[in-house]
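# Coordinate inspection notes
Each chain, written out:
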Amino acid sequence: MRSGKGRGRLAVSRSWLLFLVLGLCLLVGYYLVPPHGAGRAVRVASSCLVSACAAVAVFVGVGWFRPTPRLPWLLLAASQLMYLFAGITLFPPHQVVGLDLGDVVTVMDFPVLSTVFGVARYPLVLAGLVLFIRYRTPGRDLPCLLDAGTLAVAAVMLSWLYLIGPYVRGGSGRLIEATTLVGYPVMDIVLLAVGLKLFIGPGRRPLAGFLLMGNLGLITVADTCYGVQQLGGTYRAGNLLDGMWLAADVALGAAALHPTMVRLAVPTPAADQALGGVRLATLLTAALAAPITMMIEYSRGITHDIPVMATACALMFLLTIARMAVLVSDQRRLAMVDPLTGLYTRRFLAAAMPVEFARVRRGGGSLGLVIIDVDHFKSINDDHGHPAGDRVLAEIGARLRGATRPGDVLARYGGEEFALLAANVDLSELGALAERLRARVAGSPIAVDADTLILATVSVGACAFPTHVSNQAELVAMADRALYAAKARGRDRVVIAEIPRTGTAPSDGAREVTGLTR
């Protein structure tokens, strides 16, 4: 038999399903209640109840599962409270003016306070989604925002051409009224485009994420249909759209109560940022919407909206240029920066070396090369697994970076090898620098998880130009020989190449830094 604690955990893990079932039952009951008389008040109360329960469910989920970080979920909870307040301030005026559910309602019947709360929801949801994305895929995600901007420009342009513009020119309403109605679905599309980033790239897609996307998708569809019906004068309070908004609330609450809600912000491995087929097709369609629409309108002899379409074309062009600039920057960064350690790549080091050699030959001075190899790294991988090995390499890279001087070029040289190109160092400074690198790595164990500490050490070989060698190839070879000498002498030590005797070729010998190694 299960213990009381086990039954409690089981009940918590299934709470999302209970919330989902109860929410759907309330949704069915909503339409079973007559829309007139006392039934109207019951429908209004049940709608506000579902919205309130969704907000409470988010707070309860955060308390039960304690996700790290909590802020994105708390922002979503705050946005749901704004949504609830918008509903509370919306419904009483309906009752005061005697509107029955099913009567035709225009946006001018809605109080300003309700609109303010409704609009306040959007920046909170956007901030929560952006935080999820930044924690799930650390680093900047400007491409996602640019793509969302492209979709938003296309949506605004089409909304003006076929909804707002005809509505205003036909004398059916005011510009501010039409803009408000279309603004909601446009903002929903932006949120949906940003939220889809949670499902692009590597990593598992938790069920909580699908439920959250269901919330965004249902609100987008409902708000779009609502705007179309309002502009067409066909919207009636209590129709099918109310059910979609209620279902969106239920989806949000179920997402927060599902155990996988803690995985929405779990970092995923770095992945290629190439555009997928669906994403590329969507962006292509959005980008071509403006010129194609302009050609269609021109062929029909309609020219009054050409400034709108021209503006949309210009914005699309700027967004495309920005997207290309980001892509070029990302490709350059991938060529220069190692994704695991954040250090420079071997290719960058190889490109920097001739520049530094030319500088020394032109202006004098010296150039040091330090090669660092992690001791017994294969044993770390074999004993603790490759993910632990990656964490060790990342931490060693961070410690080495902390021991370098401004202007030094520190790179990941190979699998478990690092290299440092140090300008303007004499022989004693080179030895002290190499020893500081070794000591920084060996100074304390590396925590690979909550229960495992690994004491890592490195062997270091170094040489200098022109003290030891006369060209770039010799510099690399001599530093490599010094490294192998450090390995042969017991590891966890620094060895500096020997100064060759006058008139002889560079020696293969090397000397250990004395008074510095343990």
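Model, not experiment: these values are computed from the prediction.

Turning our eyes to something else, we now look at the packing of helix 3 (residues 38-65) against helix 9 (residues 240-257). One way to put it is that helix 3 packs onto helix 9 with a least axis distance of 7 Å and a crossing angle of 15°. In terms of orientation, helix 3 lies roughly parallel with respect to helix 9. Pair helix 3 / helix 9 crosses with left-handed handedness. Here Ser47, Val50, Ser51, Ala54, Ala57, Val58, Val60, Gly61, Trp64 and Phe65 of helix 3 lie close against helix 9, whose contacting residues are Leu246, Asp249, Val250, Leu252, Gly253, Ala256 and Leu257. Here the contact of helix 3 with helix 9 is built from residues that sort into 12 nonpolar, four polar and one charged.

This brings us to helix 5 (residues 112-136). Compared with the 36 Å implied by 1.5 Å per residue over 25 residues, the 37 Å span of helix 5 between its first and last C-alpha is a close match. Among all positions of helix 5, only Ser114, Gly118, Arg121, Tyr122, Val125, Gly128, Leu129, Phe132, Ile133 and Arg136 are buried.

The buried fraction of strand 6 (residues 458-465) is high, at eight of eight residues. Both faces of strand 6 are covered, namely the face carrying Val458, Val460, Ala462 and Ala464 and the face carrying Ser459, Gly461, Cys463 and Phe465. Pairing of strand 1 (residues 367-374) with strand 6 involves eight bridges; the strand directions are antiparallel. What sits directly across from Ile372, in strand 6, is Val460. Here strand 6 pairs with strand 7 (residues 494-497) via three bridges, running parallel. Across the sheet, the residue bridging to Gly461 is Val495, located in strand 7.

The tendency in soluble globular proteins is for nonpolar side chains to be buried as a group. The biggest cluster of nonpolar side chains holds 40 residues, and the ones touching the most others in it are Trp73, Leu76, Leu129, Phe132 and Leu212. Elements with a minimum of two residues in this core: helix 2 (15-32), helix 3, helix 4 (71-96), helix 5, helix 6 (142-169), helix 7 (175-195), helix 8 (207-232) and helix 9. At eight residues, helix 9 tops the list of elements feeding residues into this core. Other than its neighbours up to four places away in sequence, Phe132 contacts Pro72, Trp73, Leu76, Leu198, Leu212, Leu264 and Ala265.

We now examine the pattern of salt bridges. Evaluated as defined, the whole model comprises 11 salt bridges. Note that Asp338 and Arg412 form a salt bridge whose closest N and O atoms lie 3.3 Å from each other. Here the residue Asp338 occupies a position in the loop between helix 11 (306-336) and helix 12 (346-363), and Arg412 occupies one in strand 2 (residues 409-412), the gap between them amounting to 74 residues. Looking at Arg412, the relative accessible area reads 18%, which means it is buried. Note that Arg399 is salt-bridged to Glu395, the shortest N-O span being 2.9 Å. Of this pair, Arg399 and Glu395 are both found in helix 14 (residues 386-403), four residues apart, which corresponds to roughly one turn of the helix. Through salt bridges that share partners, Asp373, Asp375 and Lys487 make up one connected network.

Cut-offs and rules
- Counting of residues starts from 1 at the beginning of each chain's written sequence and follows it residue by residue.
- In keeping with the model being predicted, local features are shown solely for residues with a pLDDT of at least 70 and side-chain atom pairs are shown and tallied solely at 80 or more, while totals for entire chains, interfaces and linings include all residues.
- Each side-chain value is worked out from all heavy atoms of the structure, with water and hydrogens disregarded.
- Only the contacting stretch of a helix is used when fitting its axis, a line to C-alpha atoms as for every element, and angles between N-to-C directions run 0 to 180 degrees.
- Segments assigned H or I by DSSP are reported as helices when at least four residues long, segments assigned E as strands when at least two residues long, and all are numbered from the N terminus.
- Each angle is binned into one of four classes, with values under 35 degrees roughly parallel, values over 145 roughly antiparallel, values of 65 to 115 roughly perpendicular, and all other values oblique.
- Rotating anticlockwise by less than a right angle from the far helix to the near helix defines a left-handed crossing, while the corresponding clockwise rotation defines a right-handed one.
- In this description, contact between two residues means that some pair of their heavy atoms is separated by no more than 4.5 Å.
- Only Asp, Glu, Lys and Arg are considered charged, only Ala, Val, Leu, Ile, Met, Phe, Trp, Tyr, Cys and Pro nonpolar, and every remaining residue, Gly among them, polar.
- To estimate the expected span of a helix, subtract one from its residue number and multiply by 1.5 Å.
- When accessible area is computed with a 1.4 Å probe and restricted to protein chains, residues below 20% of their type maximum are described as buried, those above 50% as exposed, and intermediate ones as partly exposed.
- At least two bridges found by DSSP between two strands are what make those strands a pair.
- Here, nonpolar core refers to any group of buried Ala, Val, Leu, Ile, Met, Phe, Trp, Tyr and Cys residues whose side-chain atoms link them within 4.5 Å.
- Basic side-chain nitrogens of Lys or Arg form a salt bridge, by our definition, when they fall within 4 Å of a carboxyl oxygen of Asp or Glu.

So yeah, pure geometry; function would need other evidence.
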